[in-house]
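# Architecture at a glance
For reference, the chains in residue letters:
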Amino acid sequence: KTNAPIPVPPFWGSNVVEEIELDEVFEYLNEIALIKGQWQVYKGNKTEEEYRSFLKEAIYPELQALKLRIKSEKLLTPKVIYGYFPCQSDGNDLIIYKPKIISNIESAYGGRISNPPKADEFRNFQEWMRFTFPRQKSDRFLCLSDYFASKTSSLIDVVAFQIVTVGSIAVEYSKKLYSQNSYKDYLYFHGISVKAAEALAELWHKKIRQELNIHQKDATEKKKIFSQGYQGSRYSFGYPACPNLEDQVKLFELLKPERIGIELTEEFHLVPEQSTSAIIVHHPEAKYFNI
């Protein structure tokens, strides 16, 4: 659909959030994926009942104890930088515009602007940058840019970006456990730190949906949330719909994540490792797809 309602963002530009409660992050921890995928705790020859009993008596108490240790020793320090930007699509390109108002005040206020201008005030905006996405050669011939208002329309759309991290302490603590040959502790801590970063990304995507006022379609069950049970979608660079990791350079220009201690390697990976980035699409038909 090309006539999907365009939400109004609470501000234009970027915003840093540092005081985030770990309990709030842990609410979005995918514990099944953590236990099976990261901790490699498999059912094996156990019956379903034996496996559930084993998880209840042995694994979940370890998980709870690890959460308490992480909180008491401040081993994870969740931080977020995110923002909203005016945009339009042009074929396979997503055009990001830079309002003059952002240019004028971003040095003083980090780019955050309350009371966003109306669409008519964006008519003569300077084009800031373009993201070029691949298009399917079959199926529905989808491209990520299709989910945004076209340059040929009279509409200015909004795109959100986010980068989240659980901090550099997690990296150092993982290295310490590994160097001490504490391999089980390393496996468990490293696993939960990776999944905590994903949980933070999920949590902040929910915050963005709330700020855009499109959260009414959110599933009430966490399991369904993990399966895209909400309006729109969150796409990470390097995955099928937006495979070009070099686009992280443009994302860094937009959000300036150095402010929360995130850097980019020569291979365009985020440092600290337990960090993720994403482009947030509000369109109700946006789902994951392969190229």
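Residues numbered from 1 in each chain as written. Predicted model: local features only at pLDDT ≥ 70, side-chain atom pairs only at ≥ 80, totals over all residues. Heavy atoms only, no water.

### Section: the overall build of the protein chain
When helices and strands are tallied, the protein chain shows eight helices and ten strands. Computed over the C-alpha atoms, the radius of gyration of the protein chain is 20 Å, within 12% of the 19 Å expected from 2.2 N^0.38 for a compact globule of 291 residues. Overall size of the protein chain, expressed as C-alpha extent along the three principal axes, is 60 × 45 × 35 Å. Classification of the 291 residues of the protein chain by burial places 47% in the buried group. Carbon and sulfur atoms make up 49% of the accessible area of the protein chain, which totals about 15000 Å². Distance from the positive charge centre (37 side chains) to the negative charge centre (38 side chains) of the protein chain: 4 Å. (Helix = DSSP H or I, 4+ residues; strand = E, 2+ residues; numbered from the N terminus. Rg over C-alpha atoms; globule rule 2.2 N^0.38 Å. Buried < 20%, exposed > 50% of the residue type's maximum accessible area, 1.4 Å probe, protein only. Areas by Shrake-Rupley, 256 points an atom, 1.4 Å probe, with all protein chains shown as cover. Lys, Arg positive; Asp, Glu negative; His and termini not counted. Charge placed at Lys NZ, Arg CZ, Asp CG, Glu CD.)

### What to know about the side chain of Gln136
By the element assignment, Gln136 lies in the loop between strand E5 (126-132) and strand E6 (157-165). Relative accessible area serves as the criterion here: at 7%, Gln136 is assigned to the buried category. A polar contact of 2.8 Å, which involves the side chain of Gln136, links it to the backbone oxygen of Asn290. When residues no more than four places from it in sequence are discounted, the contact partners of Gln136 are Phe141, Leu142, Phe289, Asn290 and Ile291. (Polar contact = N/O pair within 3.5 Å; in protein donor to acceptor, adjacent residues only side chain to side chain. Contact = heavy atoms within 4.5 Å.)

### Observations regarding the environment of Gly83
Relative to the assigned elements, Gly83 resides in strand E2 (residues 79-90). We classify Gly83 as buried; its relative accessible area is 0%. In this structure the C-alpha to C-alpha distance between Gly83 and Leu254, which are 171 residues apart in sequence, comes to 8.4 Å. Beyond its immediate sequence surroundings of up to four residues, Gly83 is in contact with Phe11, Gly13, Ser14, Val159, Ala160, Phe161 and Leu255.

### A look at the pairing of strand E1 (residues 11-17)
Counting buried residues along E1, six of its seven residues qualify, which places the element largely inside the surrounding structure. Pairing analysis gives five bridges linking E1 to E2, with the strands arranged antiparallel. Across the sheet, residue Gly13 finds its bridge partner in E2, namely Tyr84. (Pairing = 2+ DSSP bridges.)

### Things to note about the nonpolar core
Burial of nonpolar side chains together is a common tendency in soluble globular proteins. If you look at the biggest cluster of nonpolar residues, it comprises 48 residues, and the most contacted ones within it are Trp39, Ile70, Leu76, Tyr84 and Phe189. Excluding its chain neighbours within four sequence positions, the residues that come into contact with Tyr84 are Pro9, Pro10, Phe11, Trp12, Gly13, Val158, Val159, Ala160, Ile208, Glu211 and Leu212. Core analysis: the next-biggest nonpolar cluster, separate from the first, contains 32 residues, Cys143, Tyr235, Phe237 and Ile279 among them. (Core = buried A, V, L, I, M, F, W, Y, C linked by side-chain atoms within 4.5 Å.)

### Regarding unusual backbone geometry
A cis amide bond links Val271 to the next residue, Pro272, at an omega of 5 degrees. Within the secondary structure layout, Pro272 lies in the loop between strand E9 (270-271) and strand E10 (275-281). Its identity as a non-glycine residue notwithstanding, Gln40 has a phi of 60 degrees, on the positive side. Checked against the element boundaries, Gln40 lands in the loop between helix H2 (31-38) and helix H3 (48-73). In the Ramachandran plot, Asn181 falls in the positive-phi region, its phi being about 60 degrees despite a non-glycine side chain. With respect to the helices and strands, the residue Asn181 is situated in the loop between helix H5 (169-179) and helix H6 (183-211).

### Comments concerning the packing of aromatic side chains
Applying the stated rule across the entire model yields 16 aromatic pairs. Ring centres of Tyr147 and Phe289 lie 6.4 Å apart, and the angle between their planes is 55 degrees; this geometry places the pair in the tilted category. Of the two residues, Tyr147 sits in the loop between E5 and E6 while Phe289 sits in the segment after E10, which places them 142 residues apart along the sequence. For the pair Tyr147 and Phe289, one class covers both residues: buried. (Phe/Tyr/Trp six-rings, centres within 6.5 Å; stacked < 30°, edge-to-face > 60°.)

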